[in-house]
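# Observations on the model geometry
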Amino acid sequence: MPRHRFTDTRDRIERAAIRLFVDKGVTETSVRDIARAVDISEGALYRHFVSKEQLVWAVFERHYVAFAARLDALAQAETTARGQLAAMIRGFCQAHDEDPTLFRFLLFVQHGQLSKLAPGTPNPVDAVRTVVERGIAAKEIPDQSPDVATALVFGIVLQPVTFAAYGRLPSTMGPMSERLVTAAWAAVKSV
């Protein structure tokens, strides 16, 4: 089988699985459900992923690490802690709006996957924490626990995404990005 067909099938499996995991939940989604959605046999699916758990992990790790790299790049384009956090928060909103299903997948499955990340693996939490820590060192942000400040930023950004996932807020985050930037900056500035 040509390599591009193998990769195409693997990509189709991943996309279908992400959608099903978000719609039904990981536990409630069977390998049979995923295979049906891609119109392949379960055996064919197992040639790409040895188990549903391995599929969840492979998709999570790849996209989670890639998102961290995206956030790092956004931060590097700015010179102040405030500018870096603002760029990252806008990046969160843009990533959500570009692919809300993938964003929700990462959000919904992270609790079962984060402990599997090897120490030192780039991740979005550390990307934001690094900016906060540098902002504290540069006295742009008041002295405080970088972990608490990072948690505040994530709460401000991710709780609206959760509300949107359940229909309590509009499905796009872009229009509220500046409000989230302002709220996050206020949270890290107040001690």
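Residues numbered from 1 in each chain as written. Predicted model: local features only at pLDDT ≥ 70, side-chain atom pairs only at ≥ 80, totals over all residues. Heavy atoms only, no water.

## Observations regarding the packing of helix 5 (residues 81-98) against helix 7 (residues 124-137)
At a minimum axis distance of 9 Å, the contact between helix 5 and helix 7 shows a crossing angle of 165°. By the criterion of interaxial angle, the relationship of helix 5 to helix 7 is roughly antiparallel. In terms of crossing hand, the pair formed by helix 5 and helix 7 is left-handed. Side by side, helix 5 and helix 7 meet where Ala 81, Gln 84, Leu 85, Met 88 and Phe 92 of the first sit next to Ala 127, Val 128, Val 131, Val 132 and Gly 135 of the second. Tallied by class, residues from the contact of helix 5 with helix 7 come to eight nonpolar, two polar and no charged. (Axes fitted to C-alpha atoms, helices over the stretch in contact; angles between N-to-C directions. Helix = DSSP H or I, 4+ residues; strand = E, 2+ residues; numbered from the N terminus. Parallel < 35°, antiparallel > 145°, perpendicular 65-115°, else oblique. Left-handed = near helix turned anticlockwise from the far one by under 90°. Contact = heavy atoms within 4.5 Å. Nonpolar A, V, L, I, M, F, W, Y, C, P; charged D, E, K, R; others polar.)

## Topic: the nonpolar core
In this structure, Leu 85, Phe 92 and Val 128 are the most contacted members of the largest nonpolar core, which totals 33 residues. Of all elements in the fold, only helix 4 (52-76), helix 5, helix 6 (100-113), helix 7, helix 8 (146-165) and helix 9 (177-189) reach the threshold of two or more residues within this core. Of the residues forming this core, the biggest block, eight residues, is contributed by helix 5. Excluding anything up to four places from it in sequence, Leu 85 contacts Val 128, Val 131, Val 132, Ile 141, Trp 185 and Val 188. Core analysis: the second largest hydrophobic core is formed by 27 residues, Leu 20, Ala 44, Leu 45 and Val 56 among them. (Core = buried A, V, L, I, M, F, W, Y, C linked by side-chain atoms within 4.5 Å. Buried < 20%, exposed > 50% of the residue type's maximum accessible area, 1.4 Å probe, protein only.)

## Considering unusual backbone geometry
Of note, the phi angle at Asp 39 is positive, near 65°, even though the residue is not glycine. With respect to the helices, strands and loops of the structure, Asp 39 is situated in the loop between helix 2 (31-38) and helix 3 (42-48). Even without glycine at this site, Lys 139 takes up a positive phi of about 65°. Mapping Lys 139 onto the fold places it in the loop between helix 7 and helix 8. Judged by its relative accessible area of 72%, Lys 139 falls in the exposed class.

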